[in-house]
Amino acid sequence: MSASVDIRSVSKSFGDVHALDGVSLAIAPGETLALLGHNGAGKTTLFRILLGFIEPNSGEALIDGLKAGCRQARRLISYLPENVAFPKTLTGREVVAFYAQLKGAAASEANAALEQVGLGEAASRRCGTYSKGMRQRLGLAQAIVGNPRILLLDEPTSGLDPLSRNDFYQLIAGLAEQGTSVLLSSHGLSELEARASRVAILRQGHLVADGPLAMLQRDARLPIRIRVKTKPADAETLHREFGGRRINGASVEVTCEPDEKMAILAALHQRPGAIADIEVIPPSLDEVYRHYSRANPDKEARS
Amino acid sequence: MSPVMAIARTEARLGIRNSWVLLSTVILTVFAVLLVLLGSGATGEVDASLLAVSIASLSTLSVYLIPLIALLLSFDAIAGEIDRGTLQLVLATPIARWQLLVGKFLGHLAVLTIAIVISSGIAAILAIALDGNPGPQPLGGLAALAATSILLGAVFIAVGYIASASVRQTGTAAALAVGIWLGAVVLYDLALLGGLLASGEGVFARTIFPWLLLLNPADAFRLYNMSATDTALVQTGLGAVSGSPLAQGAWVLASPLAWTLAAISVAVVLLGRVRP
Ligand SMILES: Nc1ncnc2c1ncn2[C@@H]1O[C@H](COP(=O)(O)OP(=O)(O)OP(=O)(O)O)[C@@H](O)[C@H]1O
Ligand SMILES: [Mg+2]
């Protein structure tokens, strides 16, 4: 059995804050969608709508065709909120077993879930003694226990070191292969390291991008930087000739559109005597992300 | 295990781990032992068994202590879970909101029951050790006191949920709980006493006052245990009613029972409005 999420032009405001404005998103069974956005972009609000905690002002959110928040819909869903503090005196196993039972699963399923997130060893310890990353993994174990068909994870990798983060994405990939739909929020594209099948970006409640990472990178049409290390005497001439900006005396940095790159490199090639080294720097994932989440007058005018 | 029982069990487990069980047992036991010892100094003058004398003073003390302990157990139940973020997790699961409250109620009641049963048991053992076998009647009185204390606790556990579900901060919920305690066990009686003094032997004292007394579950508890132990130690204005037919028999306990059910229902409605 597989399940899907369907968000249809959902808007939600709190007073005069438009937390979400006409957002439409669909997640197919087995798909992993990374939801990105600056602080206050509306990510958590979207999760709370999908759980039925708050009602959208307009539009609707459907879980496998059911109204979000109804009992049947909640049977399919598991949630990891961004801030959660489990009772310090319970052991990890007790915490996960508790949520397993609330979901109608057996308490014994807790062990497998704890193993999956790498807390098997610490399962019998009180979770008050856990490190931040361990607490985050405990939250994750609580979310995956009971075999949910849809995972809603609000900033699941915050507090995880790069190794644990890698484990986390591997775990998610495994679950997705079995047909679980995953919606996870995050703060940066670079953090995702291309591990989500799809990326959606929210800016001030508007959906400004939705597609595979490669597509977002291409569509952003961000300039490429060419950093030229010059012989000390030639920096000034090269700067005058190619423009760009001077960096610490002996380097010039030129920015160009993707399709101008080859022409500039060819021109630089004509000046072998003046050049010590050339570095071509494609736009980083962070820059792609900044491009979409920066207030952009063009898009603002269109929307 | 059903979700309700899972919640109750976790709540009881937390009560034990957070030393709530220990703390309330110690408090109740210390006071019970003190009262029995105090009573043993006075039994020479009064023609009653030590246990019977102790029950009267214990019931007076319980009116204050039990609601306080019950409110302290429950004020954090919802507001605290909102604070810690765990309410979102619980409400994201398929359970209904009433199941959450009923589960917590059973768990908290179990914690209180442990404390009451242990402290009553110790008081009984002490009284018997000091005074010899008191016979079945005072022992029955003590059992009734323990049972009605649990019932009184149930009322204030449930009322604590109302406080907890109507605000979002634990601090505010705590203040509300203290206010409820003051109002129900101190100010209410003071106001009734004032009314009694002002009206003299008028209509208020004869017809309205007994009902007002019954309306307050703490006073109903006091009435029940005083008429049940049949002691001559009634010094307060309550004595005026203890002879009235209203105060006779177990149906006085309808008041705390009704309060428990009503308070849980109100708390369920309030929890239904909480947006975690
Ligand atoms: N209950 C609320 N009452 C008033 N305003 C709210 C409420 N919840 C959210 N908001 C506002 O809605 C906007 C979106 O908030 P939301 O929590 O969804 O952001 P977010 O994308 O999750 O941010 P972050 O990355 O910081 O977690 C913010 O401006 C926030 O102040
Ligand atoms: Mg958020």
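Residues numbered from 1 in each chain as written. Chains lettered and ligands numbered in written order. Predicted model: local features only at pLDDT ≥ 70, side-chain atom pairs only at ≥ 80, totals over all residues. Heavy atoms only, no water.

Thoughts on the overall build of chain A
Let me state the cut-off plainly: What counts as a helix is a DSSP run of H or I of at least four residues, what counts as a strand is a run of E of at least two, and both are numbered from the N terminus. Only protein chains enter the calculation, and the probe is 1.4 Å; a residue is then buried if its accessible area is under 20% of its type maximum, exposed if over 50%, and partly exposed in between. We call two residues in contact when some of their heavy atoms are within 4.5 Å.
What chain A contains, in helices and strands, is twelve helices and 14 strands. Overall, chain A is about 75 × 45 × 35 Å in size when its C-alpha atoms are taken along their principal axes. A burial count over chain A gives 50% of its 303 residues as buried. Taking the intrachain contacts of chain A between residues at least 6 apart in sequence as the baseline, contacts between residues at least 24 apart amount to 69%.

Considerations on the coordination of the magnesium ion (ligand 2)
Residue and element names in this part refer to chain A. Definition in use: Here a donor is any nitrogen, oxygen or sulfur atom (N, O, S) within 2.8 Å of the metal, with 3.2 Å used for Na, K and Ca; water is not among the atoms considered, so some sites may look incomplete.
Coordination of the magnesium ion (ligand 2) by the protein comes from Thr44 (OG1) and Glu82 (OE), over a distance range of 1.9 to 2.6 Å. With threonine 44 in helix α1 (residues 43-50) and glutamate 82 in the loop between β6 (77-80) and α3 (92-102), this residue pair connects regions lying 38 residues apart in the sequence. Threonine 44 sits in the partly exposed class, given a relative accessible area of 22%.

A short note on the site of ligand 1
Residues and elements named next belong to chain A. This is how it is decided: Any residue with at least one heavy atom within 4 Å of a molecule or strand is counted as near it. N or O atoms within 3.5 Å of each other form a polar contact, as long as, within protein, one can give a hydrogen and the other can take it, and as long as residues adjacent in sequence are counted only when both atoms are side-chain atoms. Residue burial considers only the protein chains on display, and all accessible areas are found by Shrake-Rupley using a 1.4 Å probe. Only Asp, Glu, Lys and Arg are considered charged, only Ala, Val, Leu, Ile, Met, Phe, Trp, Tyr, Cys and Pro nonpolar, and every remaining residue, Gly among them, polar.
Contacts to ligand 1 come from 14 residues, most closely from Gly40, Lys43, Thr44, Thr45 and His187. At 2.8 Å from an oxygen atom of ligand 1 is found a side-chain nitrogen or oxygen belonging to asparagine 39. In this structure, threonine 45 approaches ligand 1 through a side-chain N or O atom, which is 2.5 Å from an oxygen atom. Starting from 630 Å² of accessible surface for ligand 1 in isolation, the protein chains cover 65%. When residues of the shell around ligand 1 are assigned to their parent elements, the largest contribution, three residues, is made by α1. Along the lines of polarity and charge, the residues of the shell around ligand 1 split into four nonpolar, seven polar and three charged.

Let's talk about the domain arrangement of chain A
Rule in force here: As annotated, the domain borders come from an automatic or database domain assignment.
Once the domains are mapped, chain A shows domain 1 (5-217) and domain 2 (223-282). Averaged C-alpha coordinates put domain 1 of chain A and domain 2 of chain A at centres separated by 45 Å.

Regarding the environment of tryptophan 20 of chain B
All names here are of chain B. The residue tryptophan 20 is located in helix α2 (residues 20-42) in this model. Along the backbone, tryptophan 20 and alanine 6 are 14 residues apart, and their C-alpha atoms lie at a distance of 19 Å. Here tryptophan 20 is in contact with Gly15, Leu72 and Leu73, once residues within four sequence places are set aside.

Some thoughts on the pattern of salt bridges
Side-chain pairing between opposite charges can occur once the charged atoms of the two side chains come close. Basically, it comes down to this: Salt bridge, as used here, is a side-chain nitrogen of Lys or Arg placed within 4 Å of a carboxyl oxygen of Asp or Glu.
For the structure shown, the criterion picks out 19 salt bridges over all chains. Between arginine 246 of chain A and glutamate 236 of chain A there is a salt bridge, with its nearest N and O atoms 2.6 Å apart. Placement of the pair is arginine 246 of chain A in strand β12 (residues 245-247) and glutamate 236 of chain A in helix α9 (residues 235-242), with a sequence separation of ten residues. A relative accessible area of 39% means that glutamate 236 of chain A is categorised as partly exposed. Where glutamate 11 of chain B meets lysine 104 of chain B, a salt bridge forms, and the shortest distance between an N and an O atom there is 3.1 Å. In this pair, glutamate 11 of chain B is assigned in helix α1 (residues 3-17) and lysine 104 of chain B in helix α6 (residues 97-131), connecting sequence segments 93 residues apart. Of the two residues, glutamate 11 of chain B and lysine 104 of chain B, both sit in the buried class. Here the salt bridges do not stand alone but share partners, grouping Arg225, Arg227, Arg245 and Glu253 of chain A into one network.

Topic: the sheet that holds β12 of chain A
All names here are of chain A. As a reminder, the rule being used: Note on pairing: two strands pair once DSSP finds at least 2 bridges between them. In this description, a line fitted to the C-alpha atoms serves as the axis of each element, helices being fitted only across the stretch in contact, and the angle between N-to-C directions of two axes falls anywhere from 0 to 180 degrees.
Within the open sheet, the four strands sit side by side as β12-β13-β11-β14. Their pairing is antiparallel. In this open sheet, the two edge strands, each paired with only one partner strand, are β12 and β14 (275-281). Put simply, the sheet's adjacent strands are angled 25° from each other on average, direction ignored. Here six bridges tie strand β11 (residues 224-230) to strand β13 (residues 251-256), and the two strands are oriented antiparallel to one another. Along β13, the bridge assignment pairs arginine 225 with threonine 255. Here helix α10 (residues 261-269) sits on the sheet and contacts β11, β13 and β14; the angle it forms with β11, its principal contact strand, is near 10°.

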